[in-house]
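Close look at the chain arrangement
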Amino acid sequence: MTRFLTTALAALLSFTAGCSAATPPISASAADEGLLTSLQVTPSTDSVAFVLQVTNTLATPVQMTFSSAQLAEFVVTQGNREVWRWSSDMMFAQAVQNETLADGETLRVEAFWAVPERLSGPLQATGRLLAQGTGVEQTTSFSLP
């Protein structure tokens, strides 16, 4: 019996040591500078495609907490006027969710906008990651064909 307990205790200590050796994820707010963000905007004659990519460039995982199923927001402005917001006609599950980006892993969020016929001129698109406590966003200018 003593030999069994010694073996069980040794296995438990070995397992615990292995668990503590793993690097715990850091929060997204602490890793903002280690998150490489890009926003691709692809306009066509009647729509615009948006792709926001957030890549973890750190050597440790990044833990992100979202207050709903909406991971990102896309907004198009013309001058100081907002002309489109991706989430305005959408509904998202209201449940806290956690996402972990391993080192080198990329989170990709896509959106599409059906452009009103009479809209023209220079526009700006902003893609923003909605992880709590983070200020990760990217803005780019574009024009409609």
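Above: the structure in question.
Read on for a plain summary of the structure. (Residues numbered from 1 in each chain as written. Predicted model: local features only at pLDDT ≥ 70, side-chain atom pairs only at ≥ 80, totals over all residues. Heavy atoms only, no water.)

1. Digging into the packing of aromatic side chains
Put simply, the rule reads: In this scheme Phe, Tyr and Trp rings, the latter by its six-membered ring, pair at centre separations within 6.5 Å, and the angle between planes marks the pair as stacked below 30 degrees, edge-to-face above 60, and tilted otherwise. Secondary structure elements follow DSSP: runs of H or I no shorter than four residues count as helices, runs of E no shorter than two count as strands, and numbering proceeds from the N terminus. The buried label goes to any residue with under 20% of its type's maximum accessible area, the exposed label to any with over 50%, and the partly exposed label to all in between, with areas taken from a 1.4 Å probe on protein chains only.
In this structure the tally under the stated criterion is 6 aromatic pairs. Centre to centre, the rings of Trp84 and Trp113 are 5.4 Å apart; their planes meet at 25°, and the pair counts as stacked. Note that Trp84 is positioned in strand β6 (residues 81-85) and Trp113 in strand β8 (residues 106-114), a separation of 29 residues in sequence. On the accessibility criterion, Trp113 (4% relative accessible area) is buried.

2. Notes on the pattern of salt bridges
Stated precisely, the cut-off is as follows: We define a salt bridge as a side-chain nitrogen of Lys or Arg found within 4 Å of a carboxyl oxygen belonging to Asp or Glu.
Under the counting rule described, the total for this entry stands at 4 salt bridges. With a shortest N-O distance of 3.5 Å, Arg85 and Glu73 are connected by a salt bridge. Note that Arg85 is positioned in strand β6 and Glu73 in strand β5 (residues 72-78), a separation of 12 residues in sequence. The exposure class of Arg85 is partly exposed, given its relative accessible area of 28%. Owing to a relative accessible area of 7%, Glu73 belongs among the buried residues under this scheme. A salt bridge links Glu82 to Arg85; the nearest nitrogen and oxygen atoms lie 2.8 Å apart. Taken together, the shared-partner salt bridges in this structure form one network comprising Glu73, Glu82 and Arg85.

3. Some points on the sheet that holds strand β1 (residues 26-27)
The test is simple: Each pair of strands is called paired provided DSSP finds at least two bridges between the two strands.
In space, the 3 strands of this open sheet follow the order β1-β4-β7, with mixed pairing throughout. Here the strands that pair on one side only, and so sit at the sheet edges, are β1 and β7 (97-101). Pairing between strand β4 (residues 62-66) and β7: 5 bridges, direction antiparallel. Opposite Thr65, over in β7, you have Asn98 as the bridge partner.

4. A closer look at the sheet that holds strand β3 (residues 47-56)
What counts is decided by this rule: Axis lines are fitted to C-alpha atoms, over the contacting stretch for helices. Their N-to-C directions set the angle, which ranges from 0 to 180 degrees.
Read across the sheet, 3 strands follow the order β2-β3-β8 without closing on themselves; strand pairing throughout is antiparallel. The sheet is open, and its two borders are formed by β2 (35-43) and β8, each paired with just one other strand. Between one strand axis and the next, the sheet turns through 15° on average, direction left out of account. Strand direction decides the pairing type here: β2 and β3, joined by 9 bridges, are antiparallel. Counterpart to Ser38 in the pairing with β3 is Gln53.

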